[in-house]
Amino acid sequence: MPEVDPTVPGIRNRLRSSRRAVFGDETTRAIRRLLAAQRIDAAHVVHAYHQLSPMFMRELRRHGIPTLLSVHDYKLSCPSYRLLNDRTQQICTICLEEPRRRVIAPAATRCWRGSMAGGVVLGAEAAAVMAMKPYNAAARVLVSNELMRQSALAGGIEAARIKIVPNFWPTSGTPPRRSPDQHVLYVGRLVIEKGVDVLIRAAAQSGVNVRIVGAGPLEIELRELSSALSAPVEFVGQAWGGEVEAEMLTAAALVVPSIWHEVSPLVIYQAMSIGLPVIGSRVGGIPDLLGEGRGVMVSPGKVDALAAELDRSVRNRHEFEAMGSLAMDYSRRELSRSKFIERISAAYREAGAAL
């Protein structure tokens, strides 16, 4: 099926796209055909938003199929799913804090791609979900952090049906040996919501060297900013797998300076698994990972505060390494593959699925 895009040219195309996002007729018919042809013991829905519409989940409930819904963003309370206004690039929690405004806020704020038309469709989708309650078909709604749990509650999901299941990072028996240098590391996409510009400004202010691993549409702009500020920043380019781990083994800290409510950044999981200290923004799922002394957090977008922590990471090496060790112990105990399987299995049983 083509992508749902309410901003596509042509009123007929917009109406067709909008109908699928709101009512999900095509998806429901496809699910109905599947259920007629196959015996389904349990359903685990991973993505059910405007590309498919969640309305098909009512068909699963009608057939009495044990259903779980995994949530990977804030869509249950936020029509544009990120708690971020695309137009202003600022965190927006209107619909989380005032659920009744969910129908009109997307169009009023033009939070999705800066489009009022897109906002109208998202508002209509939200109204349909509020009226028809398709998510009630899920016996268990799986989220990965506390803010997502709050988002699910605001979306009308009963507390007893919400289960926090963090991600995991696979680890070997013995953690690799680290040899930290006098620089910090960023790993990720070069896009505005990741706050890389904040990191560059903090590097210029603190004088701490930064290695940036990643690529994205803002790379040229960020390189120009770094040059204009004479910031001690090196752009390494894209890297994967073992190359990323090699970068982590020589860094004093990993920095995650995001300015939006990150859900559950896997780069933090990887860093924690090898004892690399993390400096992160106090947003989204990051406090769930770095709380209780497992990392350092600063308010998003605050250059002075981040610069101070960059300086501390290379000057107070013993303190940061102790923090990294605490994080690694937690990671191997609570964020392991076996713990993830244990939590998922429990969720299936609670949903009524036989394992």
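Along every chain, residues carry numbers that run from 1 in the direction the sequence is written. Thresholds applied to this predicted model are a pLDDT of at least 70 for local features of residues and 80 or more for the giving and counting of side-chain atom pairs; totals over whole chains, interfaces and linings are not thresholded and use all residues. The side-chain numbers reported here are obtained from all heavy atoms of the structure, hydrogens and water having been left aside.

Draft legend 1. Examining the sheet that holds strand 5 (residues 140-143) more closely. Two strands pair under a simple rule: DSSP has to find at least two bridges between them. Put simply, DSSP H or I for four residues or longer makes a helix, DSSP E for two residues or longer makes a strand, and each gets a number counted from the N terminus. What the four strands build is an open sheet, ordered 1-2-5-6; its pairing is parallel. Pairing within the sheet leaves two strands with one partner each, and these edge strands are strand 1 (43-45) and strand 6 (162-164). For this sheet the average axis-to-axis angle between neighbouring strands, irrespective of direction, equals 25 degrees. Along the sheet face, helix 7 (residues 146-154) touches strand 5 and strand 6 and points at about 170 degrees away from the line of strand 6. A fitted line through C-alpha atoms represents every axis, and for helices the fit uses only the stretch in contact; the resulting angles, taken between N-to-C directions, go from 0 to 180 degrees. Note on contacts: a residue pair is in contact if any heavy atoms of the two residues lie within 4.5 Å.

Draft legend 2. Layout of the environment of Ile286. Locating Ile286 in the fold gives a position in helix 12 (residues 286-290). Sequence separation between Ile286 and Ile268 is 18 residues, and the spatial gap between their C-alpha atoms is 8.3 Å. Among residues more than four places away in sequence, those in contact with Ile286 are Val256, Glu262, Pro265, Ile268, Gly280, Ser281 and Met297.

Draft legend 3. Up close: the pattern of salt bridges. A pairing counts as a salt bridge when a side-chain nitrogen of Lys or Arg comes within 4 Å of a carboxyl oxygen of Asp or Glu. Under the definition given, this model contains 24 salt bridges. One salt bridge connects Asp41 with Arg39, and the closest N-O pair in it is separated by 3.2 Å. Residue Asp41 shares its accessibility class with Arg39, and that shared class is exposed. Among the ionic pairs, Glu350 bridges to Arg140, the shortest N-O distance being 2.9 Å. Placement of the pair is Glu350 in helix 15 (residues 337-351) and Arg140 in strand 5, with a sequence separation of 210 residues. Taking relative accessible area as the criterion, Glu350 reaches 38% and is therefore assigned partly exposed. Here the salt bridges share partners, and the residues they tie into one network are Arg82, Asp86, Arg189 and Glu193. To sort residues, take the accessible area from a 1.4 Å probe on protein chains only and compare it with the maximum for the residue type: under 20% means buried, over 50% means exposed, and anything in between is partly exposed.

Draft legend 4. Seen up close, unusual backbone geometry. Positive phi is not limited to glycine here, since Ser53 has a value of about 75 degrees. For Ser53, the location among the structural elements is in the loop between strand 1 and helix 3 (57-62). Overall, Ser53 belongs to the buried group, its relative accessible area being 1%. One non-glycine residue, Arg110, adopts positive backbone phi at about 50 degrees. When you line up the elements, Arg110 lands in the loop between helix 5 (105-109) and helix 6 (116-132).

Draft legend 5. Quick peek at a nonpolar patch on the surface. A cluster of nonpolar side chains, contributed by Val103, Ile104 and Met130, occupies part of the molecular surface with about 250 Å² of accessible area. Its location among the elements puts Ile104 in the loop between helix 4 (94-97) and helix 5. Taking the relative accessible area as the measure of exposure, Ile104 reaches 56% and is therefore exposed. Patches in this entry comprise residues that are over 30% relatively accessible and not in a salt bridge; like charges within 9 Å are linked, as are nonpolar side chains (Val, Leu, Ile, Met, Phe, Trp, Tyr) within 5 Å. Each accessible area is a Shrake-Rupley estimate made with a 1.4 Å probe; only the visible protein chains count as cover when residues are assessed.

Draft legend 6. Local environment of the packing of aromatic side chains. Side-chain rings of Phe, Tyr and Trp, where Trp is taken by its six-membered ring, are said to pair if the distance between their centres is within 6.5 Å; with planes under 30 degrees apart they count as stacked, over 60 as edge-to-face, and otherwise as tilted. Using the criterion set out here, one finds one aromatic pair in the structure. Above the face of the Tyr330 ring, Arg294 is positioned so that its terminal group lies 3.7 Å from the ring centre. Look at NZ for Lys and CZ for Arg. If either is within 6 Å of the ring centre and within 35 degrees of the ring normal, a charge sits over the ring.

Draft legend 7. How the structure looks around the packing of helix 8 (residues 196-206) against helix 9 (residues 219-229). Between helix 8 and helix 9, whose axes approach to 10 Å, the crossing angle comes to 15 degrees. Between helix 8 and helix 9, the crossing angle belongs to the class labelled roughly parallel. Two packed elements cross with a definite hand, and for helix 8 against helix 9 that hand is right-handed. Seen from helix 8, the contacting residues are Val196, Asp197, Ile200, Arg201 and Ala204; seen from helix 9, they are Leu222, Leu225, Ser226 and Leu229. Of the residues that constitute the contact of helix 8 with helix 9, the class distribution is six nonpolar, one polar and two charged. An angle below 35 degrees is read as roughly parallel, one above 145 as roughly antiparallel, one from 65 to 115 as roughly perpendicular, and any other as oblique. Crossing handedness is defined as follows: a turn of the near helix away from the far one that is anticlockwise and smaller than a right angle gives a left-handed crossing, while the clockwise case is right-handed. The residue classification treats Ala, Val, Leu, Ile, Met, Phe, Trp, Tyr, Cys and Pro as nonpolar and Asp, Glu, Lys and Arg as charged. All others, Gly included, are polar.

Draft legend 8. Main features of the sheet that holds strand 8 (residues 209-213). Spatially, six strands are ordered 9-8-7-10-11-12 in an open sheet, and the strand pairing comes out parallel. Each of the sheet's edge strands pairs with one partner strand only, and the pair in question is strand 9 (233-237) and strand 12 (296-298). The mean inter-strand angle of the sheet, taken between neighbouring strand axes irrespective of direction, is 25 degrees. Summarising the sheet, strand 7 (residues 183-187) and strand 10 (residues 253-256) pair through two bridges and their orientation is parallel. Bridge pairing in strand 10 places Val184 opposite Ala253.

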